[in-house]
Each structure stands twice: as C-alpha cells, then as structure tokens.
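In case you want the letters, here they are:
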Amino acid sequence: MQKIKKAVLLTKLCVRQPKTIIKGFRYIKNNGMDNFLIHVKGKASNEMFNASRQIQLDETKSRYYDKLKFSIIMPVYNVEIKWLEKAIESIEAQNYINWELCIADDCSTDPRVREYLDSVKNDVIKVVFLEKNGGISAATNEAAKMAEGDYLVLMDNDDEISHDALFEFAKAIKNSDADIIYSDQDIVDMEGSHRDPLFKPDWSPDLLLSQMYIGHLLGFKKELFEKVGGFRSEFNGSQDYDLMLRMTEHTKKVAHVSKILYSWRDLPSSTAANPHSKPYAQTAGLNAIQDHLDRVYGKGNAEAKETADLFVYDVRYKLRENVKASIIIPTKDHAKLLGDVVESIQKKTAYRNFEIIILNNNSEEKATFEYFDQVVKEYDNVRVEEASYEFNWSRLNNHGIRIAEGDVFIFLNNDMQVITEDWLERLVEKAVREDVGTVGALLLFEDGTIQHAGVIAAMGGWADHVFRGMNPVHYGSPFISPMVTRNVTASTGACLAISRKTIEKIGNFDEKFIICGSDVEISVRANQHGLVNIYDPFARLYHYESKSRDSYIPQIDFDLSDKMYKVYREEGDPYYNRQLDYNSCVPKAKSGVQEAPETDHSGMRIEAAGISNIGSNVAEITPYNFRPCAYNRKRINLLVPSINPEHVFGGISTAIKFFEEFVEEMGYDSRMILTDAEPGNDVKDGYNPKYTFVEAEEESHAAHQIVPYSNRYGRSIPVSEKDVFMFTGWWTAHCAQEAYEEFEKQYRIRPNKFINFIQDYEPGFYPWSTRFLLADATYKNHYPQIAIFNTGLLKEYFDFNKYKFYREFVFEPVLNKTLKERLYKADSIMPKKKQILVYGRPGTERNAFDLIVDSLKKWVWMQSDIAEWTILSAGEKFKDIPLGNGKKLESVGKLTIDEYADVLTDTYAGISLMASPHPSYPPLEMSVFEIKVITNTYANKDLSSFNDNMVSLDNISPTNIANRLLEICENYSPQVRHELKNKDYCENSNIFWFKEEVGKILEEE
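All figures in this text were calculated on a predicted structure; none of them were measured in a lab.

**A word on the overall build of the protein chain**
Alright, step 1. For the protein chain, the count of helices and strands is 30 helices and 42 strands.
Alright, step 2. Counting all 1005 residues of the protein chain, 59% fall into the buried class.
Alright, step 3. In the protein chain, 74% of the contacts between residues at least 6 apart in sequence involve partners at least 24 apart.
Alright, step 4. Looking at the protein chain as shown, the accessible area adds up to about 41,400 Å², and 49% of this sits on carbon and sulfur atoms.

And the structure:
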C-alpha cells in the first residue's frame, strides 16, 4: 500500500509540474541511474512528507511570550516581492511573539523592493536602506546593528520559517542555555511544495569541517556575534560557514532542534535548486575552513582540501614522523583470509611506520602454522603472539594493547582487505588528536555496497550500521551523506583506531563483553569522557564480515548491550535524528510520529564480529543445565550476577554478605555461580584467597568455589543431592527452578529447599509484560522456598499480595561500615554547602530519573539564589544534563565509599525516588547525614517516620517535588546541628539474626 501511495503521489507531481520529467533526465545525465533511483525514492517520500506537513501547520493557534527576545536578521537585494512577502508573512505568523525583524536593503536596483519595504507597517520590523551595495556580509552586519534581541536569527529574503520556529528555539535555549542553536530544514519550491528534508545530527564538529551542515535555521547570542566581529566580506558566499567556525572557537554550547523549522526556497539563482549557481561559494568555504584550522592548530598543521563533491571538504592533519601504528589482528585458522589482509596491508599502505600483531587464538590447522612461520620470515614488522584461551574479543584486543609498541592501536578483523593507500595515515592522524576517542573507516562488502559507515545506537533496538547495503555515493537527504567525515556514537570494531593516550584516559575494552558490544561500549565511554568519535569515508577497506567466526552470542553480551542501549532507545542517538526511522539502515523519514526507536528483542546487530539477527526472546533466561556429581558435603550455591567491583554494591553486596556469614556460621561448603558477567582478571587475582576459581566443566572438590557461568551455551554445572541454591534475582530463581524440573525428571534428584533472597518486588520492574509474569511465577514455584526479605515493609507487601513461602525471615537495612565510621567522627555542627544530591540512575526506571530531572527543571526557575547552588547526581555516569537558568545536573557517576561520604557530609538537600515497596538505601543514608531528602511513598511504604530529615511525598508530581525542594532550600543554613539518629540502623551488628534458624530448616529431612 505504501508503494502504491508513493506511485500515485509521483504521478500527481509530474502532472502538476511537467518540468519534473525534464529535470529527471538531466539528473540521470549528471549523476547516473543508481543515484537517480535513490532520488526518485526520495521524491516519493517528499510528496508524502509534504502532504503530512500541511496538516501539522494548523495544529496550534496558541501564542507564547517570554523575556527572551529574538532579532531576525535579513539582508535584502533585488528579491522578487512575492518571495519577500512570503518570508515576512512566515515571521509575522510566529506563535512566539517576542521578536523583531531587522532588514538591511543592500542598495537594490529594483525600485519595487524599496517601495514594498516602505509599505510594511509593523512596529517590530526595522528597515535600513544602504546607500551603496556592500555585499551580503556587509548588509547582514548593518541589519545586526539595529538588533536589540538576546539572540540573532539568520534568514534569507526568499525563504520561510515554520509558525513555531522561534517558540522551539526559545524552549531549547531555556533547557540548554545554548550559545548557538540550529534546526532541521527542507526545500520549498515555487508552487509551495516541500521536499528534500534534511534531518541533521546534534552538534558534530568534524562534520562541520566537512560541510556547512548547520545550514538554517541558525541562531546565536548577540554578544557572541559581536565578540567574533560579525560577518567578513572576504568569505561572501560562505559567510555563514566562516561565522559558525569562528563562533565555535569560543563556545561548545551548541543546541539542535530536531524539527524542520526552515524551508529553503528552490529558485534558479539558489543553491537549493542548483549548487553550481554560486561557484565562488565553494572556494569561500574552503578558505573559511583553512582559516579556522590555522587559528586552532597553527599554520601548516592541518589542511583543508576540496573533494569531488561540491561543498564537501576533506581535512588532513600533519603527523609527527615517529607516530607508530600497531595493527592488532586476532585470528583462529583461516590462513587464506589472514594472508590476504596482511598482504594488502603490506602492499597497499602508504604510511610505513606500523607493526602487525597477529594473535593466535587456538588455531588448529597445519596450514595456519605454516603461514605463521612464513609471514614472520617475510616481513620484519609482523609478529605472531599466542593467545591460548577461550575466544573473548575484548580480552584478545586488550592482550594486543599490552604487547604493542605503537602510539595508535588499529583493531582489525582478519577478513578485511585494504582499498585506499592512505587508509592508515587517515586513521592515525585523527586518532592522535587530543579530543578524539575512536576512529572508524568506510567498509564495503565484496559487491562494493556499504557494510559500515558508522554505528547508530538503538537502530533496530540495539545498534546497526547506517547506510548498510547502499551504494557509496554522495546524497544529502534525508540525512547526512555517507561520503562525508562526521562524528558518530561508535564505529565497528572490525576496523577501529584508538590512540594509546585515549586508552590510558578511558581504559581498555570491557572484558565482560565476550563477542559483541565492547567496540560500541568503549566508544560510548570515550564520549562520556568528553571525546568525539569520528567516521572517515576516505579510509576504505573491504570487509567480508565474519567469515572466520560462527554466529553464537553469549547471553551476557545481550544483557550488557540491553542496558547500554536503553538511554539511546529512549532519547535517540545524538549523531542521528529522532525524525528518522530507527528500524531502517537506509535513512528515511518516519511515517507518522515515532518519538523513540522501537526495541526489537528478537535480534541484535553484532559490531565486533559482524553477526546479525540472533534470536532471543527473553534475554535474562538463557537456561542453566545441571549434571549429577558425587559431592558429599552440604554446599550453598549463590547464584549472583557478578562479583566485579563496579557491580558489587546495594543488593549484590548484601546478598554476598549474608551468604558468606551464613556459610561460615554453619560450616558449609560454598560456591558462587556468576550468571551475568565474567570476572575480570583483577578480580581473579585479588579476590578472597579462600575461593578457587573453577570452570563449569570441572568436577572440583574445593570447599569454596567461584564458577563463571555467563557464557553457558552448551555447558553444564555439576550438582549433587547436597547442593542448596540461593537466588539473588528473579532470573536466577527462574533458571534454577526450570533446570531442576529437568534434572529431577532425568536423574530423580529433587532440590533442597531454595533460599530466595528477596530485596524488592521484582515483577514491578516490568509491568504488564512477559517478564512480570515470569518474575511473579518464581515466588509461586511448587518447590519449597525459604524467603528472606530485606525490610519488614517489603514483607508486608508480599503478605498483602498473598504470596506464601515455606518459611519467612526479615532483616532491616544497616548503615555501611565506612559511612558509619565517618558519621560517628562528624562534629556536632556539620557544615553544609548549597548542594543538592540526586540518586540518579537513568538506566533504572524504578528510580524515576526522568521525573527527578523534570522536577529540577522547574525548581531552578523558582529558587531565587539558584546561581549559588550545585546539583550533583550519583549512581550512574551520564552526560551532564542542562536544567535551564544556567544550571545543570552534574553526573559524578559511581563514587567510592569515601567519596560518597564526602558528598553526603557536604550536601544540604537530596532527592531519591524508588517506584517500588522496597525502601532503597540512599535516602536512609542521606537522612542520617543531616540531608533533608525528598523520597516517595509507595503502597504501604512511607519513610516519613524514619527521622525528621525524611520528606516522604505521596503526590510525587514534578511541581510538588519542586515546591518541597524550594521550601527546603529557602531554609538553608551553612551549619546544621548533627545528632545521632536511628541507632538500630547505624549500629546493628547482627542483622542476619536468623542464620541458625535457616540452617536448622536445611537440616530437616
């Protein structure tokens, strides 16, 4: 049906505009048939887009006012009156009314222009007539001199802006405090039809060095414009480009409104219709970039070059002579593929300061070892290193980093071939820039179509390669062309450059990822450290996409990726555009309004290994497999997601504490089974020496074991009649219960009573869903369970919902030992800063992070002394979030316990929400450190009686939170009296008082 609609609309277009047919033949002549077909598809989409756009124009008649004033700057010269009239009408139709229009007529020779401008009667439209023609830069500067607004907004004299353009700018400025702001755009023809939308990425500095992608609508602070000296006539034709480059040397506060607010008029004299109409603009753009590079890097250190495509530029950076590249290639057999890539590197690479490190990961074939012997004899810059351990892409590349000699690491698959001779130099020269994290290349399939031109996070619900399967040709709608250098969230690990300096700054690959995801994760981490990642389309290689590995993906890769992509699913990839369809690798505008990409749990794009679409219905519950064994001592098995330090806090920490105390008191053997994350090497080397690390395949009789089991495909765990299983999450309970069903059928071994360590109502994490039902079912399993609840409130909730267990025990939370020591050392008068502490976990819905942010965005406009306040977020690391009024939510991420104690000591007020019956620990910790903390009620949970610092709200709306926070902060005192509160919470040293009782139950026949 969609195709029929497109065909009908194209037919109507040709009838309405017969010249379209002639234009089509001209397009084929100039651009080829392949590009024409792409263009035709775009035309159909444009017609559908145009039809939907007409409906949206009348959506609102509301009028908005704010003290923020915009001055629209418009130079005029010999424009047709009807187009000038339409431009002014579009401004007068704005639903945001605090604006003025400043027009400078550049001595038009057409008397009708002056006559029309004299006839305009509007108090907010100012007109100046210049006595001589000075060119567009001079005229625009004259118009800007009349401006009284806070922001200047540029507009051509024959274009149009949408009715809500200034309103959208005002909203974005309030939220971001941007110095520069821009929007998406399209083209409007002489009949009023809209086409060729350009949905732009957020601020992309390397893309700006490739083309003036900012375009229109563009606004900026008047004081910034004046600071850089306004427009310069020597760059006429690309004067906006030159101005933008100079302004970004003074600010990085650039905001993007992901909506079409500007329509560029398609006229014969305009570059919208004919890019050849202003050939001088191409040269002016080149000169503007070079001038910028000379200022930023110094003369001779960077050079801008023209490319085969108009208004597309290529910036090259001078390398110092001794920069060495280490090309790291993991391999298992496939000697022919490996030989091809090594040979292509040696024969086709112009930059010669490199080494090749081949990591032999369990090769078996004779031909492979013969090739190893041959290649190291033939080339003195090639070496083969043994990596005799189970395949882990991250670990292999970290191994390469440790032994490499280079300044830049090139992580390369063994199924590649070099195309362009300067590929290595390009990757290296960008990777060594101080502001760069990772650099990727254009990778082509064997048929010449695109395999990789940048990774879009959340594409397809996970991540995928934009432009995948398309021809590598320049085309600029509805997204940026694949043939320009641009910033990206990530690039594939099949060919990825990272400097040694960057690795030292952000850390190695995350070895918890086994096959896929860590290439994206390290790029995301680079972004979080303030670095940019770059895709360079001029560095080109063939990628035969994972011919040397199978398609198995371990569960842990799904789980870690699922968490990593969560924020991108909700907010979109900043280097893509929310108006584009995230379910298509070929950029296309969404049909209708699709505010966030859909999550498709049925498949996932694999970045490291190039594997796609592996089935997985519920990622958490990859089955456990048990096999019988002869183990004659009672053994407690803790099913725990991870023991890596970054995961061991809160619930996991408490579960391990109980487990170890219980085992020690009862004299049982113990085994920790790690279900979700492989332990890092530092964990294996430094963990409690009483434990022996054991592979799942081993029949070990060590009394205390740790068994990594996240990579469990085709693997089983030895289980005896003496084993007792303890759960720490619903998925661990589900998998163990399901495994015992099969185990009992096959071997007639029934489980001992399970210990279900319940620290929240976990079905509530997934309302009205499969996961809700699965989590709920674990509490109702027919095998007997001993339930241990971490608060009386939580047990009350389970009782109310009529869950029944074999026996039930309750403990209450207790203050962390280090926090207790710091609290008891505190003086009776505790100094406090004007500081707010938020428990911020964007990746965990039950902590209501979005609600907290919305509340803070209201509060910052209510607090009279807001400039004096600092707002911190601890919990998860994320990019700082602008709140408006010059304030931001500063993410400090996961703090050490001592750092956390420092923040608690200094903080005056806090917010910590939890949409569950479980009272989370942060509000309790904040309150005993004399922080007035806002939290929420839930069902039977109400923490208001905990102590007088606890503010427990029943109405948890943003306005109510903001009002209560204002009330708290209005009563700020730099010194707060400190009195010990909640003695049981602070001093209870026997929280697991029931250990012996649980032991007796397990000894029952």
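From this point, things continue past the structure.
**Describing unusual backbone geometry**
Alright, step 1. A cis amide bond, omega -5°, links His216 with the succeeding residue Leu217.
Alright, step 2. With respect to the secondary-structure elements, Leu217 resides in the loop between helix H8 (205-208) and strand S8 (218-221).
Alright, step 3. The phi torsion at Ala848 lies on the positive side, around 50°, for a residue other than glycine.
Alright, step 4. A relative accessible area of 18% places Ala848 in the buried class.

**Examining the packing of aromatic side chains**
Alright, step 1. For the structure shown, the criterion picks out 63 aromatic pairs.
Alright, step 2. Here the aromatic rings of Tyr779 and Phe798 are separated by 4.9 Å at their centres, their planes lie at 75°, and the arrangement is edge-to-face. Here Phe798 lies in helix H23 (residues 792-800) and Tyr779 lies in helix H22 (residues 770-779), a separation of 19 residues in the sequence. You'll find Tyr779 and Phe798 in the same group, each marked buried.

**Thoughts on the pairing of strand S13 (residues 354-360)**
Alright, step 1. The element S13 is extensively covered by neighbouring structure, given that 7 of its 7 residues are classed as buried.
Alright, step 2. What you see with S13 is no split at all: Phe354, Ile356, Ile358 and Asn360 on one side and Glu355, Ile357 and Leu359 on the other are buried throughout.
Alright, step 3. Here strand S12 (residues 325-331) runs beside S13; their pairing, made up of 7 bridges, is parallel. Bridge pairing links Ile327 to Ile356 in S13.
Alright, step 4. Between the parallel pair S12 and S13, the chain is carried across by helix H12 (residues 335-348), and the sense of this crossover is right-handed.
Alright, step 5. Here S13 pairs with strand S14 (residues 382-386) via 5 bridges, running parallel. Counterpart to Ile357 in the pairing with S14 is Arg383.
Alright, step 6. This β-α-β element, S13 to helix H13 (residues 366-378) to S14, shows right-handed connectivity.

**What about the side chain of Thr675?**
Alright, step 1. Mapping Thr675 onto the fold places it in the loop between strand S26 (669-674) and helix H20 (681-686).
Alright, step 2. Other than its neighbours up to four places away in sequence, Thr675 contacts Tyr624, Leu639, Val640, Pro641, Tyr709, Ser710, Arg712, Trp731 and Thr732.

**Section: the nonpolar core**
Alright, step 1. Counting 101 residues, the largest nonpolar core has Phe220, Met244 and Ile289 as the members making the most contacts within it.
Alright, step 2. In terms of residue count, the dominant contributor to this core is helix H18 (residues 555-571) (6 residues).
Alright, step 3. Residues within four places of Met244 in sequence aside, it is in contact with Ile180, Trp203, Leu208, Met212, Ile214, Leu218 and Val254.
Alright, step 4. Listed in part, the 40 residues of the second largest apolar core include Ile345, Tyr371, Val375 and Val408.

**Brief notes about helix H7 (residues 165-176)**
Alright, step 1. The terminal C-alpha atoms of H7, which comprises 12 residues, lie 17 Å apart, in line with the 16 Å expected from a rise of 1.5 Å per residue.
Alright, step 2. Inspection of H7 places Ala165, Leu166, Phe167, Glu168, Phe169, Ala170, Ala172 and Ile173 among the buried residues, and these make up the whole buried set.
Alright, step 3. At the C-terminal side of H7, Asp177 shows a positive phi close to 55°.

**What about the sheet that holds strand S37 (residues 881-884)?**
Alright, step 1. Strand order in the open sheet formed by 7 strands is S37-S38-S36-S35-S39-S40-S41, and the pairing between neighbours is mixed. This sheet does not close on itself; its edge strands, each paired only once, are S37 and strand S41 (950-953). Neighbour-to-neighbour, the strand axes of the sheet open up by a mean angle of 25°, direction not taken into account.
Alright, step 2. As paired elements, strand S39 (residues 909-911) and strand S40 (residues 932-936) share 3 bridges and run parallel to each other. Its bridge partner being in S40, Gly910 is matched across the sheet by Val933.
Alright, step 3. The sheet contacts of helix H26 (residues 897-906) involve strand S35 (835-840) and strand S36 (870-875), and relative to S35 the element is tilted by about 135°.

**Regarding the pattern of salt bridges**
Alright, step 1. Applying the stated criterion across every chain yields a total of 67 salt bridges.
Alright, step 2. Two residues, Asp266 and Arg195, come together in a salt bridge whose shortest N-O distance is 2.4 Å. Taken together, the residues Asp266 in the loop between strand S9 (254-265) and helix H11 (279-297) and Arg195 in strand S7 (residues 194-198) connect sequence positions 71 residues apart. Pair check on accessibility: Asp266 and Arg195 agree, each one buried.
Alright, step 3. For Arg316, the salt bridge identified is with Glu429, shortest N-O distance 2.7 Å. With Arg316 in strand S11 (residues 313-317) and Glu429 in helix H15 (residues 423-431), this residue pair connects regions lying 113 residues apart in the sequence. Across the pair, Glu429 and Arg316 agree in class, each one buried.
Alright, step 4. When salt bridges with common partners are traced through the structure, they connect Asp314, Arg316, Asp422, Arg426, Glu429, Lys430 and Asp536 into a single cluster.

**Re the packing of helix H25 (residues 849-862) against helix H28 (residues 958-970)**
Alright, step 1. The N-to-C vectors of H25 and H28 enclose an angle of 50°; their axes lie 8 Å apart at closest approach. Taken together, the axes of H25 and H28 are oblique relative to one another. In this structure, the crossing between H25 and H28 has a hand that is right-handed. Two secondary-structure elements touch here, H25 through Leu851, Asp854, Ser855, Leu856, Lys858, Trp859 and Met862 and H28 through Pro958, Thr959, Ile961, Ala962, Asn963, Leu965, Leu966 and Cys969.
Alright, step 2. Of the residues contributing to the contact of H25 with H28, the split by class is 10 nonpolar, 3 polar and 2 charged.

**Let's talk about the environment of Trp730**
Alright, step 1. In this fold, Trp730 is placed in helix H21 (residues 730-747).
Alright, step 2. Within the structure, the side chain of Trp730 is placed 3.2 Å from the side chain of Tyr766, a separation counted as a polar contact.

**A few points about helix H10 (residues 239-247)**
Alright, step 1. Of all 9 residues in H10, 9 are buried, a share of seventy percent or more.
Alright, step 2. Of all the residues in H10, the buried ones are Gln239, Asp240, Tyr241, Asp242, Leu243, Met244, Leu245, Arg246 and Met247.

**Examining the sheet that holds S26**
Alright, step 1. Taken together, the 8 strands give an open sheet; going across it, the order is S27-S28-S26-S25-S30-S31-S32-S33, and neighbouring strands pair in parallel fashion. The open sheet is flanked by strand S27 (692-693) and strand S33 (807-810), the only strands paired with a single partner.
Alright, step 2. As defined by bridge partners, S26 adjoins strand S28 (residues 704-708) across 5 bridges and the pair is classed as parallel. Bridge pairing in S28 links Arg671 to Gln705.
Alright, step 3. Strands strand S31 (754-758), strand S32 (785-789) and S33 of the sheet are contacted by H23, whose axis makes an angle of about 150° with S33.

**What about empty space enclosed by the protein?**
One water molecule sets the probe size; rolling that probe over the atoms shows where empty space is left.
Alright, step 1. This structure, assessed with the given rule, holds 5 cavities of 30 Å³ or more.
Alright, step 2. For the second largest cavity, the calculated volume is near 60 Å³.
Alright, step 3. Every residue along the wall of the second largest cavity is listed here: Asp206, Leu209, Ser210, Tyr313, Asp314, Val315, Tyr317, Lys430 and Thr485.
Alright, step 4. The greatest single-element share of the lining of the second largest cavity, amounting to 4 residues, is contributed by S11.
Alright, step 5. Split by residue class, the lining of the second largest cavity holds 4 nonpolar, 2 polar and 3 charged.

**Describing the side chain of Thr251**
Alright, step 1. Structurally, Thr251 can be placed in the loop between H10 and S9.
Alright, step 2. Within polar-contact distance, the side chain of Thr251 engages the backbone nitrogen of Lys253 at 3.0 Å.
Alright, step 3. For Thr251, the contacting residues outside a window of four places in its chain are Asp179, Ile180 and Leu224.

Analysis parameters
- Residues numbered from 1 in each chain as written.
- Predicted model: local features only at pLDDT ≥ 70, side-chain atom pairs only at ≥ 80, totals over all residues.
- Heavy atoms only, no water.
- Helix = DSSP H or I, 4+ residues; strand = E, 2+ residues; numbered from the N terminus.
- Buried < 20%, exposed > 50% of the residue type's maximum accessible area, 1.4 Å probe, protein only.
- Contact = heavy atoms within 4.5 Å.
- Areas by Shrake-Rupley, 256 points an atom, 1.4 Å probe, with all protein chains shown as cover.
- Phe/Tyr/Trp six-rings, centres within 6.5 Å; stacked < 30°, edge-to-face > 60°.
- Pairing = 2+ DSSP bridges.
- Right-handed = clockwise from strand over helix to strand, strands pointing away.
- Core = buried A, V, L, I, M, F, W, Y, C linked by side-chain atoms within 4.5 Å.
- Expected span 1.5 Å × (residues − 1).
- Axes fitted to C-alpha atoms, helices over the stretch in contact; angles between N-to-C directions.
- Salt bridge = Lys/Arg side-chain N within 4 Å of Asp/Glu carboxyl O.
- Parallel < 35°, antiparallel > 145°, perpendicular 65-115°, else oblique.
- Left-handed = near helix turned anticlockwise from the far one by under 90°.
- Nonpolar A, V, L, I, M, F, W, Y, C, P; charged D, E, K, R; others polar.
- Polar contact = N/O pair within 3.5 Å; in protein donor to acceptor, adjacent residues only side chain to side chain.
- 1 Å grid on protein atoms, 1.4 Å probe; cavity = no way out; pocket = protein on both sides within 12 Å on 5 of 7 lines; lining within 4 Å.
- Points joined across faces, edges and corners; volume = space filled by probe spheres on them.

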